[in-house]
Amino acid sequence: MLPAESREQDFGGQSSYAAAFVPALLDPDCATPAAVAGPNGKAASKRYNIYRNNVTVSLINALAATFPATQCITGVDFFRAMARLHVRATPPKSPLLFEYGRDFPDFIELYEHARSMPWLADVARIERAWLDAYHSVDAKPLPPEVLASIPPERLADAVLTAHPATRIVRSPFPAVTIFAANRNDVTGRIEANGPEDALLTRPGLEVIVRRLPPGGAVFLLRLIAGEPLAVAAAAALADSAEFDLPANIAGMIEAGVFTAADQGA
Amino acid sequence: MSELATLKASRAPAVSRFPAHPIEGLAGTSFKHQHLPAILAEGKQDGFFEVHAENYMGAGGPPHDALTHIRRDFPLSLHGVCMSIGGPQPLDKVHLDRFKALVRRYEPALVSEHLAWSTHETTFFNDLLPLPYTQATIMQVADHIDEVQEAIGRPILLENPSTYVVFPESTLSETDFIRELVRRTGCGLLLDVNNVFVSATNHGYSALAYLDDFPLWQVGEIHLAGHAAQADDEGELLLIDSHDGPVADAVWKLFEIVIGQCGPIPTLVEWDSDIPDWPVLKAEAAAAQAILDRHAHRFMPEKAYAAS
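Residues numbered from 1 in each chain as written. Chains lettered and ligands numbered in written order. Predicted model: local features only at pLDDT ≥ 70, side-chain atom pairs only at ≥ 80, totals over all residues. Heavy atoms only, no water.

Draft legend 1. Highlighting the overall build of chain A. What chain A contains, in helices and strands, is 13 helices and 5 strands. Relative to a compact globule of 265 residues, whose C-alpha radius of gyration would be 18 Å, chain A shows 24 Å and is clearly more extended. Projected onto its principal axes, the C-alpha coordinates of chain A cover approximately 85 × 55 × 30 Å. When each of the 265 residues of chain A is scored for burial, the buried share is 44%. Looking at chain A alone, contacts between residues at least 24 apart form 66% of all its contacts between residues at least 6 apart. Of the accessible surface of chain A, which amounts to about 12800 Å², a share of 55% is contributed by carbon and sulfur atoms. The centroid of the 23 positive side-chain charges in chain A is displaced by 10 Å from the centroid of its 29 negative side-chain charges. (Helix = DSSP H or I, 4+ residues; strand = E, 2+ residues; numbered from the N terminus. Rg over C-alpha atoms; globule rule 2.2 N^0.38 Å. Buried < 20%, exposed > 50% of the residue type's maximum accessible area, 1.4 Å probe, protein only. Contact = heavy atoms within 4.5 Å. Areas by Shrake-Rupley, 256 points an atom, 1.4 Å probe, with all protein chains shown as cover. Lys, Arg positive; Asp, Glu negative; His and termini not counted. Charge placed at Lys NZ, Arg CZ, Asp CG, Glu CD.)

Draft legend 2. Broad picture of the environment of Glu234 of chain B. Structurally, Glu234 of chain B can be placed in the loop between strand S10 (228–231) and strand S11 (237–240). Residues in contact with Glu234 of chain B, not counting those within four places in the same chain, are Lys42 and Ala43 of chain A. Within the structure, Glu234 of chain B has its side chain in polar contact with the backbone nitrogen of Ala43 of chain A (distance 2.8 Å). (Polar contact = N/O pair within 3.5 Å; in protein donor to acceptor, adjacent residues only side chain to side chain.)

Draft legend 3. The arrangement of the packing of helix H11 (residues 216–224) of chain A against helix H13 (residues 245–255) of chain A in detail. Residues and elements named next belong to chain A. Relative orientation of the contacting elements H11 and H13 amounts to 60 degrees, with a least axis distance of 11 Å. Considering their axes alone, H11 and H13 lie oblique with respect to each other. Two packed elements cross with a definite hand, and for H11 against H13 that hand is right-handed. Taking contact as the criterion, the partners of Gly216, Phe219, Leu220 and Leu223 in H11 are, on H13, Leu245, Asn248, Ile249 and Met252. In terms of residue class, the contact of H11 with H13 is made up of 6 nonpolar, 2 polar and no charged. (Axes fitted to C-alpha atoms, helices over the stretch in contact; angles between N-to-C directions. Parallel < 35°, antiparallel > 145°, perpendicular 65-115°, else oblique. Left-handed = near helix turned anticlockwise from the far one by under 90°. Nonpolar A, V, L, I, M, F, W, Y, C, P; charged D, E, K, R; others polar.)

Draft legend 4. Spatial organisation of the packing of aromatic side chains. Going through the model one piece at a time under the given rule, you end up with 22 aromatic pairs over all chains. Relative to Phe177 of chain B, the ring of Tyr133 of chain B lies with its centre 4.6 Å away and its plane at 40 degrees, an arrangement referred to as tilted. Pair noted here: Tyr133 of chain B is in the loop between strand S6 (123–129) and helix H5 (135–152) and Phe177 of chain B is in helix H6 (residues 174–185), with a separation of 44 residues, a long-range link. The exposure class of Phe177 of chain B is buried, given its relative accessible area of 0%. Judged by centre distance (5.7 Å) and plane angle (25 degrees), the rings of Tyr210 of chain B and Phe214 of chain B are stacked. When its relative accessible area of 6% is taken as the criterion, Tyr210 of chain B is described as buried. By relative accessible area, which is 4% here, Phe214 of chain B ends up buried. Members of the aromatic cluster, each reached through a chain of ring pairs, are Tyr17, Phe21, Tyr48 and Tyr51 of chain A together with Trp117, Tyr164 and Phe167 of chain B. (Phe/Tyr/Trp six-rings, centres within 6.5 Å; stacked < 30°, edge-to-face > 60°.)

Draft legend 5. Inspection of the interface of chain A and chain B at higher detail. Contact with chain A, which involves 48 residues of that partner, is made by 51 residues of chain B. Note on chain A versus chain B: buried area summed over both sides is about 4200 Å², and carbon and sulfur give 63% of it. One can count 3 salt bridges joining chain A with chain B. Between Asp232 of chain B and Lys42 of chain A there is a salt bridge; the shortest N-O distance is 2.7 Å. The interface formed by chain A and chain B contains 20 residue pairs in polar contact (both at pLDDT 80 or more). Elements represented by at least two residues in the side of chain A that touches chain B include exactly helix H1 (4–9), helix H2 (17–21), helix H3 (45–66) and helix H7 (120–135) of chain A. Here the side of chain A that touches chain B takes 10 residues from H3 of chain A, the largest share from any one element. By residue class, the composition of the side of chain A that touches chain B is 28 nonpolar, 11 polar and 9 charged. (Buried area = accessible area lost by both parts, 1.4 Å probe. Salt bridge = Lys/Arg side-chain N within 4 Å of Asp/Glu carboxyl O.)

Draft legend 6. Molecular detail of the environment of Leu220 of chain A. All names here are of chain A. Among the secondary structure elements, Leu220 is positioned in helix H11. On a C-alpha basis, the gap between Leu220 and Ala238 in space is 14 Å, while along the polypeptide they are 18 residues apart. Other than its neighbours up to four places away in sequence, Leu220 contacts Ile168, Leu199, Leu212, Met252, Val257 and Phe258.

Draft legend 7. Up close: the pattern of salt bridges. Within the structure shown, the criterion is met by 23 salt bridges over all chains. Its salt-bridge partner being Arg128 of chain A, residue Asp132 of chain A comes within 2.8 Å of it at the nearest N-O pair. Here Arg128 of chain A and Asp132 of chain A lie together in helix H7, a separation of 4 residues that amounts to about one turn. The buried category is assigned to Asp132 of chain A, whose relative accessible area is 15%. For Arg128 of chain A, a relative accessible area of 5% puts it in the buried group. Across the salt bridge formed by Arg210 of chain A and Glu254 of chain A, the nearest N and O atoms sit 3.4 Å from each other. Here Glu254 of chain A lies in helix H13 and Arg210 of chain A lies in strand S4 (residues 208–211), a separation of 44 residues in the sequence. Looking at Arg210 of chain A, the relative accessible area reads 22%, which means it is partly exposed. Through salt bridges that share partners, Lys42 and Arg47 of chain A together with Asp232 and Glu236 of chain B make up one connected network.

Draft legend 8. Focus on the sheet that holds S4 of chain A. All names here are of chain A. One open sheet holds the 3 strands; their spatial order is S2-S3-S4, and the pairing between them is antiparallel. The open sheet has two edge strands with one neighbour each: strand S2 (167–171) and S4. Across this sheet, the average inter-strand angle for adjacent strands is 20 degrees, counted without regard to direction. Summarising the sheet, S2 and strand S3 (residues 196–201) pair through 5 bridges and their orientation is antiparallel. (Pairing = 2+ DSSP bridges.)

Draft legend 9. Quick peek at unusual backbone geometry. Positive phi, close to 50 degrees, is recorded for Asn40 of chain A, a residue that is not glycine. Its location among the elements puts Asn40 of chain A in the loop between H2 and H3. Its identity is not glycine, yet Glu107 of chain B carries a phi of approximately 45 degrees, on the positive side. Within the fold, Glu107 of chain B resides in the loop between helix H4 (93–106) and strand S4 (110–114). By relative accessible area, which is 12% here, Glu107 of chain B ends up buried.

This is the structure in structure tokens:
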């Protein structure tokens, strides 16, 4: 009898039926496990292949469901070939498939056949953030009057609490425009260049993706990190001379980036 | 059924957030998000919905909003897909806690899981994988069922699998294995008639003989679904439990035989891929309901007695 602690660590042992069954599931070069057979002396290769196929295809489908714009850009065959490699290299650790694909954007960035699309990984990052915003805990966004009620002399010290759905994805490419065009089936040439920062919020049930104005990402990231409004605004101005404080405050309230404001000491 | 009924009665929460919505004698369908507007537009109707528990384990957002609507208006069945009850390793405690929280939150009429496994070590394979049927695996699966039932404070319905391979190390038939699990854990059963047909075809035994040997008195829910056909290594028919089409005629016949024998058991039509528009899925459920209704009168006295 093993002590309780080491039993907890025991995943059924190296000799268990599960240990024998899994190595070939995601490795096409691995032979059908000797532990399984067909009935009445039949072979088990095609039978076992059903499981291989179920595992691989269902996980590719899970990635396709999370990254539809990415698939729209690459085409289905390209996407599924890329996803198959990722599924084999990095299968999920959680039974919650909406958590799967966190490593996929980094994988895309290094995927040699996607090098001609350097913005593809950032589109995937927006899609991954979109799903996180979708499943995040529900919360009411900060009502506009709360910030308005803070006396002007205290506003500089105000500290805000981020809404649980809020996500920011920064890109040196026009990733937001490309994301939006490929999620909404916009046809025709995309006329965009230069960097774009995405803001994702879910003030109600719907996830909303916006393109942030110059300095906006730095401003919000500082606020989300808990820095006072004046500090965040200074950082945003340092990032971009075009930073427009009133417009950014109005925009963040309207988008529902925050849930609470503390007017400081 | 009487044992299950007793266990059911003991699990009602003190204060319920939702109406009771009895599920007895009803047919239902898988709940798919895209059908919600059509379902709500139809207003009050008979039938129930089943959801895969894992899809509602996020913190918030549209999934919980949709499920709250469904649970308010219809009986709900919560179907776990990923507990890995049939695996050799300990259950994932975090996952079990999530499952327990969902049962508490939505107070489903039925709660079920699979005789299968899907996680090994730390990898989740997203498929219902098979296990050998031995004295050793009975003990381990029974322990897992006990653990789930203890956590959620009510019995689960355990679903018979569809399988494509056998384990030469198995020493028990699937029906003997399941019967022993029922005896040890007091769990109920979810009889998937399509799985019976698929496995019987794949392993060359009679589906009727399987049903004859299945502990039907312990069945609290039935599943029906479509399957697809391939060939095995010998070029003979191999059926895949694909849930991507209408229920096969042979499965309807087996279903009617079971209902003729057991009376109207809550019956779900599963459709998880290539999902059709709501009216198509609804029509499949209506076909199941017609069979339930056809046999209901013969079992009415018993039902009336149970209700009084």
